[in-house]
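# Geometric and topological summary
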There are 2 protein chains.
Amino acid sequence: MNHSVIVEVTLRTGIADPEGATIERALPALGFTGVRAVRAGKLFRFDVEADSADQALATARALAERLLSNPVIEDAHARLDEVAST
Amino acid sequence: MNHSVIVEVTLRTGIADPEGATIERALPALGFTGVRAVRAGKLFRFDVEADSADQALATARALAERLLSNPVIEDAHARLDEVAST
C-alpha cells in the first residue's frame, strides 16, 4: 500500500535563522505589521510503499533523520498526509 | 492576541523539482526502497498579532502569496498552528 508522508524540517530553537530574519525585516515595507518570529524551514512530501501506516512512518522518520535534516541544528517531524494516502 | 501560523509552499503539479529528484536518486544507495514521488518545498512559521484567528489567517495568506511564494510555479497554503497559538 502507498502512504503519502510529509516531513517538516525546522531549525532548532536558538539556532540563528537568517532567512526568517530577512523576511521579517522586509515585512513593514510591504505593509504587514504585527508579524513576528518568522522561521523558515523545509517541507518534503513523498510516497512510501509499506504494509502499514506505522511502517511507512518509521521509514519516513529514518529517512528524515539520515538524509533530509542535519540533526545538529534541525528538528525533523514526519506525519502521514491523511488526504493523499491511498 | 498572538496567533501562530504555518505556511507551506510547494511546487505546483507538473513543475520540475530537481531537489526532490536528487533526493529520490540518492535513496537506494542509502538502503531506502519503495520511496517515490519526492517533492521538496518550503515551510514558514510565524506569529501574527490579530483580533481573531480568521484575521490572522487572512494576513498569513496575503503574506504567503505576495512574499513567500512565486504563484507562477508554487502553491501556498496557510494554516493555524493549533498547538502554539496563545
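Presented here is a report on the structure given in the accompanying data block. (Residues numbered from 1 in each chain as written. Chains lettered and ligands numbered in written order. Predicted model: local features only at pLDDT ≥ 70, side-chain atom pairs only at ≥ 80, totals over all residues. Heavy atoms only, no water.)

## Observations concerning the overall build of chain A
Within chain A, the regular secondary structure consists of two helices and three strands. Helices and strands in chain A line up, N terminus first, as β-α-β-α-β. Every one of the 86 residues in chain A was classed for burial, and the buried ones make up 38%. Taking the contacts inside chain A whose residues are at least 6 apart along the sequence as the reference set, 74% of them involve residues at least 24 apart. Accessible surface, chain A as shown: approximately 4600 Å² in total, 54% of it carbon and sulfur. Of the charged side chains in chain A, 9 are positive and 13 negative, and the gap between their average positions amounts to 8 Å. (Helix = DSSP H or I, 4+ residues; strand = E, 2+ residues; numbered from the N terminus. Buried < 20%, exposed > 50% of the residue type's maximum accessible area, 1.4 Å probe, protein only. Contact = heavy atoms within 4.5 Å. Areas by Shrake-Rupley, 256 points an atom, 1.4 Å probe, with all protein chains shown as cover. Lys, Arg positive; Asp, Glu negative; His and termini not counted. Charge placed at Lys NZ, Arg CZ, Asp CG, Glu CD.)

## Some points on the interface of chain A and chain B
Counting residues at the interface gives 31 residues for chain A, matched by 31 residues for chain B. When chain A packs against chain B, close to 2800 Å² is buried across both sides, 62% of that on carbon and sulfur atoms. Linking chain A to chain B there are six salt bridges. Close ionic contact of Arg 45 of chain B with Glu 8 of chain A constitutes a salt bridge, the shortest N to O distance being 3.8 Å. For the interface between chain A and chain B, the tally reads 13 residue pairs in polar contact (both at pLDDT 80 or more). Secondary-structure elements contributing two or more residues to the side of chain A that touches chain B are strand 1 (2-11), helix 1 (18-26), strand 2 (35-49) and helix 2 (53-68) of chain A. Element by element, the count of residues in the side of chain A that touches chain B is highest for strand 2 of chain A, at 15 residues. Of the residues belonging to the side of chain A that touches chain B, the class tally is 16 nonpolar, five polar and 10 charged. Across 11 bridges, the pairing between strand 2 of chain A and strand 2 (residues 35-49) of chain B is antiparallel. Within the sheet, the bridge partner assigned to Arg 39 of chain A lies in strand 2 of chain B and is Arg 45 of chain B. (Buried area = accessible area lost by both parts, 1.4 Å probe. Salt bridge = Lys/Arg side-chain N within 4 Å of Asp/Glu carboxyl O. Polar contact = N/O pair within 3.5 Å; in protein donor to acceptor, adjacent residues only side chain to side chain. Nonpolar A, V, L, I, M, F, W, Y, C, P; charged D, E, K, R; others polar. Pairing = 2+ DSSP bridges.)

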